[in-house]
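Understanding the architecture of this molecule
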Amino acid sequence: SQENLEAILEQAYGLDWRVGIHVVGDAAMVMALDAFEATDAKISSGGRGHTLEHAFSPVPGAIERARDAGIGITL
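Cut-offs and rules
- Residues numbered from 1 in each chain as written.
- Predicted model: local features only at pLDDT ≥ 70, side-chain atom pairs only at ≥ 80, totals over all residues.
- Heavy atoms only, no water.
- Helix = DSSP H or I, 4+ residues; strand = E, 2+ residues; numbered from the N terminus.
- Expected span 1.5 Å × (residues − 1).
- Buried < 20%, exposed > 50% of the residue type's maximum accessible area, 1.4 Å probe, protein only.
- Arc of directions from axis to C-beta.
- Axes fitted to C-alpha atoms, helices over the stretch in contact; angles between N-to-C directions.
- Parallel < 35°, antiparallel > 145°, perpendicular 65-115°, else oblique.
- Left-handed = near helix turned anticlockwise from the far one by under 90°.
- Contact = heavy atoms within 4.5 Å.
- Pairing = 2+ DSSP bridges.
- Core = buried A, V, L, I, M, F, W, Y, C linked by side-chain atoms within 4.5 Å.

Let's talk about helix 1 (residues 2–14)
With 13 residues, helix 1 ought to run about 18 Å at 1.5 Å a step, and its terminal C-alpha atoms sit 18 Å apart, in line with that. Taken together, the buried positions of helix 1 are occupied by Leu5, Glu6, Leu9, Ala12 and Tyr13. Looking straight down helix 1, one finds that the buried residues subtend no more than 120° of arc, so they occupy a single side. Exposed positions of helix 1 whose direction lies more than 90 degrees from the buried face are Glu3, Ile8, Gln11 and Gly14.

Let's talk about the packing of helix 1 against helix 2 (residues 26–42)
Helices that pack against each other are described as a pair by the angle of their axes relative to one another and the distance between those axes. Contact pair helix 1 / helix 2: the axes reach a minimum separation of 9 Å and the direction vectors enclose 50°. When the interaxial angle is binned, helix 1 and helix 2 end up oblique. Relative to helix 2, helix 1 is oriented so that their crossing is right-handed. For the pair helix 1 and helix 2, contact is made by Gln2, Leu5, Glu6, Leu9, Glu10 and Tyr13 and by Met31, Ala32, Asp34, Ala35, Phe36, Ala38, Thr39, Asp40 and Lys42, respectively.

Considering unusual backbone geometry
The backbone of Asp16 shows a phi angle near 60°, a positive value even though the residue is not glycine. As for its placement among the helices and strands, Asp16 is situated in the loop between helix 1 and strand 1 (20–22). On the basis of relative accessibility, which here comes to 57%, the residue Asp16 falls in the exposed class. Even without glycine at this site, His54 takes up a positive phi of about 60°. Mapped onto the elements of the fold, His54 is located in the loop between strand 2 (51–53) and helix 3 (62–69).

With respect to the sheet that holds strand 2
Pairing is parallel in the open sheet, where three strands are placed in the order 1-2-3. The two strands at the open ends of the sheet, each matched to only one other strand, are strand 1 and strand 3 (72–73). Examined bridge by bridge, strand 2 and strand 3 share two bridges and lie parallel to one another. What sits directly across from Leu52, in strand 3, is Ile73.

Focus: the nonpolar core
Ranked by internal contacts, the top residues of the largest apolar core, which has 18 residues, are Leu9, Ile21, Val23, Met29, Leu33, Phe36 and Leu52. Among the elements of the structure, helix 1, helix 2 and helix 3 are those that each provide at least two residues to this core. Counting residues per element, this core draws most heavily on helix 2, at five residues. When sequence neighbours within four positions are dropped, the list of residues in contact with Met29 reads Val23, Leu52, Ala55, Pro58, Val59 and Ala62.

As structure tokens, this is what we get:
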């Protein structure tokens, strides 16, 4: 769920981990971006180099959202 993903990100941020989320499909990409943005609003990620993995089907605006959040994208 969205809440579980955000809780996992909060724990990872607290451990100073970089996070890569596999986002095969547009719904997964939106969910991951929403979670990164929500968690960043609570806890600064500090540009740790988080990534969206296998993001080969981006929804409109997703590339810009990832760029603005400092999130890398792999194909």
